[in-house]
Amino acid sequence: MVEAVLIDLFSLPANLQSNIQGLLHSTLETIEKCSSIPAPFVYVMCSQRQGSKRNSEQESLLPALRDFQSLKKRLEVVHALTTAAALYTIKQRLDEKDLSIIKIILPTIRKDLMKVYVDHLFTAVYQFVFEDLQVASDCKNLQIAEPQSEWQTLPTQDVVLIQSEIQMYLESLPSLKGELTILRSSLIPDDIFLHGFTTRTGGISYIPTLSSCNLFSSSKRRDPQVVVKENLRRLANAAGFNPETFHRVKIDHANAVCIMGKTEPDSYDGIVTNQRGVTIAAPGADCIPVLFADPVRKACGAAHSGWKGTLLGVSMATVNAMVSEYGCNVKDILVVLGPSVGPCCYKLPHESAKEFHRIDPKCVRLFDSPSPYIDIRRATRVLLESGGILPENIQDDSVTDQNQNITFCTACHPEKFYSHFRDGTNFGTQIGFISIKD
């Protein structure tokens, strides 16, 4: 069932401009007549002239809207200077109401353009069907989706223009939830390395569980890649790295490690480099983003260590890659554990808890319960130390120096961090990043 209808009147061709009121009236009449209870939300998208709050096009729509009292509270006209701005505004309305199935009624000439906007501004969470504005006059046409063979590929230059329009609009948006904040460790020498751990503030993501500096997009979440890219651009500007030479691990919750400059694996949870000016990163939203730095050999690494990766030894695998690839001495490597879920909050089923108990009984609290509390940070430290990392070269604020304020519990601090454990499936993601300065 269609949950929302978007009527695109943004750039009507000349043959439709003269009858804009009639077209809108007949389309709304069909929606009202054919809708189930409750009726779908209806958004009318039209252009606004630069520097004008009202124009003749908008005024001409008013008579067509007055006749539809049953849709009144579910009907909104969205005026904007660009298609990107209008569509992003409508996306915010859809997300506020948790709507995902959308019908777009638009002139045939706009269909291929609109498909590009939709592909960039939405994710696979949403389902779209399209209908020609001139034939959306009966219930049958309102319910069908067009055959895929009707789609035409836009010329590359047109796609580039749309991408540029979207980027310019997103760059113009204000930051949400305060200034962008980066947490840094005093253990990693800042004359050699650029590094930090992000928090959730200072980006443009507006969905509550993703707001505001979400740095990961997937087909299961409502934040599109273009928004994550803009958040990353703002982070890069604030931190001082080049977003074009940024590499994030491709999570598999295992222990594979990517060596920058060599063939990239399909998936990996650790990454290492000795290239200057290349920024590597690991995400975390309860899982630990772990950073590694060797100031002697001038090499660095990043790892994503969730409970599975911790048990598989992803942190020590990253250390071993630095040793084998760059000749690092394990006693020179510095390790910082970033914001992650603490033993105060994190539980696992008893069978999984047994594995942590084997590493160190102190990694498990209430071991005999069905879901014991787990300390994945302690397990990580134990495995690193048993691999030769010096205890004084590991920073975990929960045990070493709580004044450092790096290793927060993500679940305990909703104002600062994202948490899958706390927020559910549509969660945001922060990262730990590091690079060797030029």
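Reading the values: rules and limits
Residues numbered from 1 in each chain as written. Predicted model: local features only at pLDDT ≥ 70, side-chain atom pairs only at ≥ 80, totals over all residues. Heavy atoms only, no water. Helix = DSSP H or I, 4+ residues; strand = E, 2+ residues; numbered from the N terminus. Buried < 20%, exposed > 50% of the residue type's maximum accessible area, 1.4 Å probe, protein only. Contact = heavy atoms within 4.5 Å. Areas by Shrake-Rupley, 256 points an atom, 1.4 Å probe, with all protein chains shown as cover. Lys, Arg positive; Asp, Glu negative; His and termini not counted. Charge placed at Lys NZ, Arg CZ, Asp CG, Glu CD. Phe/Tyr/Trp six-rings, centres within 6.5 Å; stacked < 30°, edge-to-face > 60°. 1 Å grid on protein atoms, 1.4 Å probe; cavity = no way out; pocket = protein on both sides within 12 Å on 5 of 7 lines; lining within 4 Å. Points joined across faces, edges and corners; volume = space filled by probe spheres on them. Nonpolar A, V, L, I, M, F, W, Y, C, P; charged D, E, K, R; others polar. Pairing = 2+ DSSP bridges. Core = buried A, V, L, I, M, F, W, Y, C linked by side-chain atoms within 4.5 Å. Domains from an automatic or database assignment. Polar contact = N/O pair within 3.5 Å; in protein donor to acceptor, adjacent residues only side chain to side chain. Axes fitted to C-alpha atoms, helices over the stretch in contact; angles between N-to-C directions. Parallel < 35°, antiparallel > 145°, perpendicular 65-115°, else oblique. Left-handed = near helix turned anticlockwise from the far one by under 90°. Expected span 1.5 Å × (residues − 1). Arc of directions from axis to C-beta. Buried area = accessible area lost by both parts, 1.4 Å probe. Salt bridge = Lys/Arg side-chain N within 4 Å of Asp/Glu carboxyl O.

### Concerning the overall build of the chain
- Secondary structure summary: the chain contains 13 helices and 18 strands in total.
- Here the chain, with 438 residues, has 53% of them falling under the buried criterion.
- In the chain, once contacts between residues fewer than 6 apart in sequence are set aside, the share between residues at least 24 apart is 70%.
- Accessible surface computed for the chain: about 19300 Å², of which carbon and sulfur atoms make up 51%.
- Where the 44 positive side-chain charges of the chain centre and where its 48 negative ones centre are 3 Å apart.

### Quick look at the packing of aromatic side chains
- Here the structure, examined in full by the defined rule, presents nine aromatic pairs.
- On the basis of an interplanar angle of 70° and a centroid distance of 5.9 Å, the ring pair of Tyr88 and Tyr169 is categorised as edge-to-face. Of this pair, Tyr88 sits in helix α4 (residues 83–96) while Tyr169 sits in helix α7 (residues 156–172); the two residues are 81 residues apart in sequence, bridging distant segments of the chain.
- Between Phe241 and Phe433 the ring centres are 5.3 Å apart and the planes differ by 50°, which places this aromatic pair in the tilted class. On the criterion of sequence distance, the pair formed by Phe241 in the loop between α8 (225–239) and β8 (246–248) and Phe433 in strand β18 (residues 430–436) is long-range, its members being 192 residues apart.

### Let's talk about the layout of surface pockets
- Taken as a whole, the largest pocket spans an internal volume of roughly 560 Å³.
- In this structure, the largest pocket is lined by 22 residues; those nearest its centre are Gln225, Val228, Lys229, Glu230 and Leu232.
- Listed by contribution, the elements that provide at least two residues to the lining of the largest pocket are α7, α8 and β8.
- Considering only residue class, the lining of the largest pocket consists of ten nonpolar, six polar and six charged.

### A word on the pairing of strand β7 (residues 193–198)
- Within β7, six of the six residues are buried, leaving the element largely enclosed by the surrounding structure.
- Neither face of β7 is open: one carries Phe193, His195 and Phe197, the other Leu194, Gly196 and Thr198, and all of them are buried.
- Inspection of the sheet shows strand β6 (residues 182–183) paired to β7 by two bridges, in the antiparallel sense. Residue Leu183 lies in a different strand from β7, and its bridge partner there is Phe197.
- Note that β7 and β18 share five bridges and pair antiparallel. For Leu194, the partnering residue across the bridge sits in β18 and is Ser435.

### A short note on the nonpolar core
- Of all hydrophobic cores here, the largest spans 41 residues; its most connected members are Leu87, Tyr88, Ile104, Met114 and Leu170.
- Element by element, the count of residues in this core is highest for α4, at seven residues.
- There are two domains that each give this core at least three residues, and those are domain 1 (4–135 + 160–171) and domain 2 (177–436).
- The contact partners of Leu87, leaving out residues within four places of it in the chain, are Leu6, Met45, Met114, Tyr117, Val118, Leu121 and Phe122.

### Concerning helix α12 (residues 376–386)
- Within the sequence span of α12, burial applies to Ile376, Arg377, Ala379, Thr380, Arg381 and Leu384.
- Among the residues of α12, the N-terminal cap falls to Asp375, whose side-chain oxygen and the backbone nitrogen of Arg377 are separated by 3.2 Å.
- The first or second residue beyond α12 is Gly388, which carries a positive phi of 110°.

### Focus on the environment of Val290
- Its location among the elements puts Val290 in strand β12 (residues 288–294).
- Residue classification places Val290 among the buried residues on the basis of a relative accessible area of 0%.
- Residues Val290 and Lys97, 193 residues apart in the sequence, show an inter-C-alpha distance of 37 Å.

### Focus: the packing of α4 against helix α5 (residues 111–121)
- In the contact formed by α4 and α5, the axes pass within 11 Å of each other and the chain directions differ by 50°. The angle between α4 and α5 places the two elements in the oblique class. Viewed along their axes, α4 and α5 form a crossing whose handedness is right-handed. Where α4 approaches α5, its residues Thr83, Ala84, Leu87, Tyr88 and Lys91 are matched on the opposing element by Met114, Tyr117, Val118 and Leu121.

### Some points on helix α2 (residues 20–34)
- Helix length check: α2, at 15 residues, gives a terminal C-alpha distance of 21 Å against a target of 21 Å (1.5 Å per residue), a fit within 8%.
- Of the positions making up α2, those classed as buried are Ile20, Leu23, Leu24, Thr27, Leu28, Thr30, Ile31 and Cys34. All buried residues of α2 fall inside an arc of 155° around its axis, so they share one side.

### Observations regarding the sheet that holds β12
- Overall, mixed pairing links the six strands, which are arranged β9-β10-β13-β12-β14-β17 in an open sheet. Looking along the sheet, the strands with just one partner apiece sit at the ends: β9 (257–259) and β17 (394–395).
- The pairing of β12 with strand β13 (residues 299–305) spans seven bridges and is classified as antiparallel. Residue pairing in the sheet places Pro289 in a bridge with His304 of β13.
- Of the strands in this sheet, β9, β10 (270–273), β12 and β13 are in contact with helix α10 (residues 314–326), which crosses β13 at around 160°.

### Comments concerning empty space enclosed by the protein
- This model, assessed by the stated rule, comprises one cavity of 30 Å³ or more.
- Volume-wise, the largest cavity comes out at about 40 Å³.
- Lining the largest cavity, in full, are Ser305, Gly309, Thr310, Gly313, Val314, Ser315, Met316, Thr380, Leu383 and Leu384.
- Contributions of two or more residues to the lining of the largest cavity are made by α9 (307–311), α10 and α12.
- Partitioned by chemical class, the residues of the lining of the largest cavity number four nonpolar, six polar and no charged.

### Here we look at the domain arrangement of the chain
- By domain assignment, the chain separates into domain 1 (4–135 + 160–171) and domain 2 (177–436).
- Here the C-alpha centre of domain 2 lies 41 Å away from the C-alpha centre of domain 1.
- Taken together, the contacts link 18 residues of domain 1 with 16 residues of domain 2.
- Both sides of the domain 1 and domain 2 interface together cover about 1300 Å² of buried area, and 54% of this is carbon and sulfur.
- At the boundary of domain 1 with domain 2, the tally comes to three salt bridges.
- Between Arg233 and Glu171 there is a salt bridge; the shortest N-O distance is 3.6 Å.
- The interface formed by domain 1 and domain 2 contains 13 residue pairs in polar contact (both at pLDDT 80 or more).
- A per-element tally of the side of domain 1 that touches domain 2 places α4 first, with five residues.
- Here the residues of the side of domain 1 that touches domain 2 sort into ten nonpolar, four polar and four charged.

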